[in-house]
Amino acid sequence: MKIYNDLKLHLNTYRTLLGEKKVYEIIDKKESQFVIYQNNEPTFFVDLYDLSVESNSMMNSLVLCAKRTIPEVLELINRKNNIQLSVPKISRFGIHKKIKSEIVEVNLSYLPENWLDYSL
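Below is a short write-up of the structure. All values reported here derive from a predicted model rather than from experimental measurement.

### Thoughts on the packing of helix H1 (residues 54-65) against helix H2 (residues 70-81)
(1) Moving on: Closest axis-to-axis distance for the H1/H2 pair is 9 Å, and the angle between their directions is 115°. In this structure, the crossing between H1 and H2 has a hand that is right-handed. For the pair H1 and H2, the contacting residues are Met 59, Leu 62 and Val 63 in the first and Ile 70, Val 73 and Ile 77 in the second.
(2) Moving on: Tallied by class, the residues present in the contact of H1 with H2 amount to six nonpolar, no polar and no charged.

Here is the structure:
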């Protein structure tokens, strides 16, 4: 499995109505970039416009070409492969306050190509 080494992310802590929540966010994020969580842990990195990576190309097709959102595609992948992928939301109610932020380096994988069957 290919790995995106030493990706620098903000680890932000937010206070929400449901308590504190830690969220990894991409520094200088582009609209095409996502940190994908598996079982509530940051595990994968997707850049829909980095077509040099096959899994990114496949996600580009599943999201942009099929006119789906990332959460919709992740839900299809989850059902098909019996896994739990998500893009974190800070608050369902839109009420949150950032209380802490630090820069951390993490190693994230690209999504496995066998999960991204075009028949989704």
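### As for H1
(1) Moving on: End to end, H1 covers 15 Å across 12 residues, agreeing with the expected 16 Å (1.5 Å per residue, within 8%).
(2) Moving on: Of all the positions in H1, only Ser 55, Asn 56, Ser 57, Met 58, Met 59, Asn 60, Leu 62 and Val 63 are classed as buried.
(3) Moving on: At the exit of H1 stands Lys 67, carrying a positive phi of roughly 55°.

### Digging into H2
(1) Moving on: Taking 1.5 Å of rise per residue, the 12 residues of H2 would be expected to cover 16 Å, and the 16 Å separating its terminal C-alpha atoms lies within 8% of that figure.
(2) Moving on: Those residues of H2 that fall on the buried side of the exposure criterion are Ile 70, Val 73, Leu 74, Ile 77 and Asn 78. For H2, the angular spread of buried residues about the axis comes to 140°, placing them on one side.
(3) Moving on: Two residues or fewer after H2 comes Asn 82, characterised by a positive phi angle close to 55°.

The rules we used
- Residues numbered from 1 in each chain as written.
- Predicted model: local features only at pLDDT ≥ 70, side-chain atom pairs only at ≥ 80, totals over all residues.
- Heavy atoms only, no water.
- Axes fitted to C-alpha atoms, helices over the stretch in contact; angles between N-to-C directions.
- Helix = DSSP H or I, 4+ residues; strand = E, 2+ residues; numbered from the N terminus.
- Left-handed = near helix turned anticlockwise from the far one by under 90°.
- Contact = heavy atoms within 4.5 Å.
- Nonpolar A, V, L, I, M, F, W, Y, C, P; charged D, E, K, R; others polar.
- Expected span 1.5 Å × (residues − 1).
- Buried < 20%, exposed > 50% of the residue type's maximum accessible area, 1.4 Å probe, protein only.
- Arc of directions from axis to C-beta.

Just geometry here; none of it tells us what the structure is for.
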